[in-house]
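Examining the three-dimensional arrangement
One-letter residues, chain by chain:
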Amino acid sequence: MKKFLLVVLCIVMTAGVASADKDFFLTLAHNLAEDHAVHIAMTEWADAVNAASNGSITINIIPNGQLGSEADCVSQIQASQLEMTKVSAGTLANFAGAWNCVSVPYVFRDKDHLYNVMNGQIGRDLYNLTEKDGFIGIAWLESGTRCFYTADKAVRVPADLKGLKIRTMDSQMAIDMMNAFGGSATVMGYSDIYTGMQQGVIDGAENNITALRDHADVTKFYCYDEHTMIPDVIVQKYGRT
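All values reported here derive from a predicted model rather than from experimental measurement.

1. Let's talk about the overall build of the protein
Scanning the protein from terminus to terminus reveals nine helices and ten strands. Since a compact globule built from 241 residues should have a radius of gyration of about 18 Å, the 18 Å found for the protein is in line with a globular shape. Principal-axis analysis of the C-alpha atoms gives the protein an extent of 60 × 35 × 30 Å. By residue count, 50% of the 241 residues in the protein fall in the buried class. Sequence-distant contacts, at least 24 apart, represent 69% of the contacts inside the protein between residues at least 6 apart. For the protein, the computed accessible surface area is about 11,300 Å², with 52% contributed by carbon and sulfur atoms. Counting 18 positive and 27 negative side-chain charges, the protein places the averaged centre of each group 4 Å from the other.

Right under this line is the structure:
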């Protein structure tokens, strides 16, 4: 917990608002539901930071994409309208191409491999690649293994993706992967997937198995192929305002 508190204190200092006699109110936005494991983890982190700082640091977490997509939240950080957000590493690759290294299909042998990379020098180096864009990474969260799921057609081999419109993140690596597998990549926000599958705008999506909590009603098949293990990253504004 001391480590997490230090991270938040660094946010305060970086934003140029540090003061010995001032309370700090920080906002962290993301696009997941309140009962998602990642939201629950970040909420407990915020509560612990508040307790460890004797109530002087409050982190207000806004879920469900209320402030827009991941890209929207990053733009708000750049415009000094938001302090923090949780994004996929795939989104960060739009700003620094080296982030693509953790989005390559089957690049990680297993979870231990992922943890070693993200907790090691590679992960630390990746965090700072977006300084020039006005934000940096401060921590990462495991986001499971991504698999394909569809409304009507089972995906057992890559050829089964041919002609299917599959939702991907706004990530060139994800788009290229989908097209290489034979599917038709369709970029949209996570909060739009349910309606998109329900109305036939897309035939399916690719995400970790927790997505079925939100999309099970419109999903018939889940292909447990574990093609990527893309971490989530908490990013904060970098530079004084």
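2. Some points on the confidence of the model for the protein
Summarising the model, the protein shows a mean pLDDT of 89, and 90% of its residues fall at 70 or more. Note on residues 13-20: pLDDT is under 50 here. Beyond four places in sequence and across chains, it has 17 contacts.

3. Examining the pairing of strand β10 (residues 232-237)
In terms of burial, β10 is largely enclosed, as six of its six residues are buried. Pairing of strand β3 (residues 84-88) with β10 involves five bridges; the strand directions are antiparallel. Paired with Lys86 across the two strands is Ile234, which belongs to β10.

Scoring rules and cut-offs
- Residues numbered from 1 in each chain as written.
- Predicted model: local features only at pLDDT ≥ 70, side-chain atom pairs only at ≥ 80, totals over all residues.
- Heavy atoms only, no water.
- Helix = DSSP H or I, 4+ residues; strand = E, 2+ residues; numbered from the N terminus.
- Rg over C-alpha atoms; globule rule 2.2 N^0.38 Å.
- Buried < 20%, exposed > 50% of the residue type's maximum accessible area, 1.4 Å probe, protein only.
- Contact = heavy atoms within 4.5 Å.
- Areas by Shrake-Rupley, 256 points an atom, 1.4 Å probe, with all protein chains shown as cover.
- Lys, Arg positive; Asp, Glu negative; His and termini not counted.
- Charge placed at Lys NZ, Arg CZ, Asp CG, Glu CD.
- pLDDT = per-residue confidence, 0-100.
- Pairing = 2+ DSSP bridges.

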